[in-house]
Amino acid sequence: MGPMDDGGSAPGPGGTGTTTARARRPGRHGLSAARVREALTGYALVAPGLIGVLLFVIVPAGALVWLSARKWGLLSDPEFVGPSQAGRVLADPEFLTSLRVTLLLALLVVPAQIALGLLLAVLLAKGVRGAGLLRALVIIPWAASPLALGVVWSWMLAPAHGSPAGPPGASTGVLASPTWALPAVALVVIWTGAGHTALLLAAGLASIPHELVEAARLDGATARQIFWSIKAPLLRPTLLLVSTAALIAVLNTFDQVYALTRGGPSRATGVLAYTIYERAFVNWNMGEAAVMALAMTAMLLLVTGVQRLCLRGMSAHDG
């Protein structure tokens, strides 16, 4: 029986048969199948997030862009009016007033909310008596419905009025004052968000290495020196995070304004979110509301972009 009769392969010139060559080359088909399964698993894991981005970000943004060039009152057919509508809306005095009021509300809310949240965070970090109860109390306003809280506050700030269901500017007391209505809304917004800010800052304080604080205390540093020299610099990323979150929340403020003042009196509390609501569901002009919503989206993207740049700068500085 010859060398080929055993079903093997004849050795080649180098003395190595085909079987040996196959043994040296792992099954490429099996490796490709494993890679395909790995890729499919990865796509399956990211698919829910991609679908969420598609349905809740890309599709609404595309709808806003489509509506921004049209006049539509929901009950009629959309009428194309061109991109000139955007320029007309962005120059509208009511839109510009809403921008001014929104920025003024941000100036009133964000610094005060950060300061109050930091004070509460320090108290929580110290472990004062009743810290657990304090933690529950400060988080309740943030967890509750802003609209319901706004109604309760309207009863307290305008007891003679009783309900904010009247026309804009019909409230009494401070809510009827063009001077004090916006500070009153700011007070409610601060009270609502300070607890959440405090919990985030308390978590940031808890993440600071205890060894650094103890070493500074052994060196004779006071509590104030430890806070400003050690804790405050290490707390900068958390402060940036909570400041950005507070600013974004203010830019989206709607419930408190709707419950307290309905944008009045004399548009003194007509923030951008409430103006968008009025333009869409009171004046029935979805196209103009879409232009304002795109302007708000641009503001939010600007805020998040600045935050990313600041975080990158902090990382480079710390590195």
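This is a predicted model, so every value here is computed, not measured.

1. Overview of the pattern of salt bridges
- What the rule picks out here adds up to five salt bridges.
- Where Asp92 meets Arg279, a salt bridge forms, and the shortest distance between an N and an O atom there is 3.1 Å. Of the two residues, Asp92 is situated in the loop between helix H3 (84-90) and helix H4 (93-126) and Arg279 in helix H12 (residues 272-281); the sequence distance between them amounts to 187 residues.
- The residue Arg217 makes a salt bridge to Glu214 at a minimum N-O spacing of 2.8 Å. Here Glu214 and Arg217 lie together in helix H8 (residues 210-218), a separation of three residues that amounts to about one turn.
- In this structure Glu214 comes out as partly exposed when scored by relative accessible area, which is 29%.
- Taken together, the salt bridges that share partners define one network made up of Asp92, Glu94, Arg279 and Glu288.

2. A look at the packing of H4 against helix H10 (residues 236-251)
- The interhelical angle for the contact between H4 and H10, taken along N-to-C directions, is 145 degrees, at an axis separation of 9 Å. H10 is crossed by H4, and the crossing has right-handed handedness. Where H4 approaches H10, its residues Thr102, Leu105, Ala106, Val109, Val110, Gln113 and Ile114 are matched on the opposing element by Leu239, Val242, Ser243, Ala246, Leu247, Val250 and Leu251.
- Within the contact of H4 with H10, the residues separate by chemical class into eleven nonpolar, three polar and no charged.

3. Digging into the packing of aromatic side chains
- For the coordinates displayed, the defined rule picks out nine aromatic pairs.
- Seen in terms of ring centroids, Phe254 and Tyr277 are 5.2 Å apart; in terms of plane orientation they differ by 65 degrees. Their pairing is edge-to-face. In this pair, Phe254 is assigned in the loop between H10 and helix H11 (255-260) and Tyr277 in helix H12, connecting sequence segments 23 residues apart.
- Residues Tyr274 and Tyr277 carry aromatic rings whose centres are separated by 5.6 Å and whose planes lie at 50 degrees to one another, so their mutual orientation is tilted.

4. Digging into a nonpolar patch on the surface
- A contiguous nonpolar surface patch, about 760 Å² in accessible area, is contributed by Ile51, Val53, Leu54, Leu55, Phe56, Val57, Ile58 and Val59.
- Structurally, Val59 can be placed in helix H2 (residues 28-67).
- Overall, the relative accessible area of 46% leaves Val59 in the partly exposed class.

5. Points about the confidence of the model for the protein chain
- Residue-level pLDDT values for the protein chain average 85, and 85% of them are 70 or greater.
- Looking over the protein chain, one finds the lowest element-wise mean pLDDT in helix H1 (residues 18-24), namely 49, and the highest in H12, namely 95.
- Low pLDDT, under 50, characterises residues 1-10; the stretch is placed with five contacts to residues that sit more than four places away or in other chains.
- Note that residues 162-169 has pLDDT below 50 and, in this model, 15 contacts with residues that lie over four places away or in other chains.

6. What to know about the side chain of Thr269
- Note that Thr269 resides in the loop between H11 and H12.
- Given a relative accessible area of 0%, Thr269 falls into the buried group.
- One polar contact links the side chain of Thr269 to the main-chain carbonyl oxygen of Gly263, over a distance of 3.3 Å.
- When near neighbours in sequence (up to four residues on either side) are disregarded, Thr269 contacts Val101, Ala181, Leu182, Val185, Val257, Thr261, Gly263 and Gly264.

Cut-offs and rules
- Residues numbered from 1 in each chain as written.
- Predicted model: local features only at pLDDT ≥ 70, side-chain atom pairs only at ≥ 80, totals over all residues.
- Heavy atoms only, no water.
- Salt bridge = Lys/Arg side-chain N within 4 Å of Asp/Glu carboxyl O.
- Helix = DSSP H or I, 4+ residues; strand = E, 2+ residues; numbered from the N terminus.
- Buried < 20%, exposed > 50% of the residue type's maximum accessible area, 1.4 Å probe, protein only.
- Axes fitted to C-alpha atoms, helices over the stretch in contact; angles between N-to-C directions.
- Left-handed = near helix turned anticlockwise from the far one by under 90°.
- Contact = heavy atoms within 4.5 Å.
- Nonpolar A, V, L, I, M, F, W, Y, C, P; charged D, E, K, R; others polar.
- Phe/Tyr/Trp six-rings, centres within 6.5 Å; stacked < 30°, edge-to-face > 60°.
- Patch = residues over 30% accessible without salt bridge, like charges linked within 9 Å, V, L, I, M, F, W, Y side chains within 5 Å.
- Areas by Shrake-Rupley, 256 points an atom, 1.4 Å probe, with all protein chains shown as cover.
- pLDDT = per-residue confidence, 0-100.
- Polar contact = N/O pair within 3.5 Å; in protein donor to acceptor, adjacent residues only side chain to side chain.

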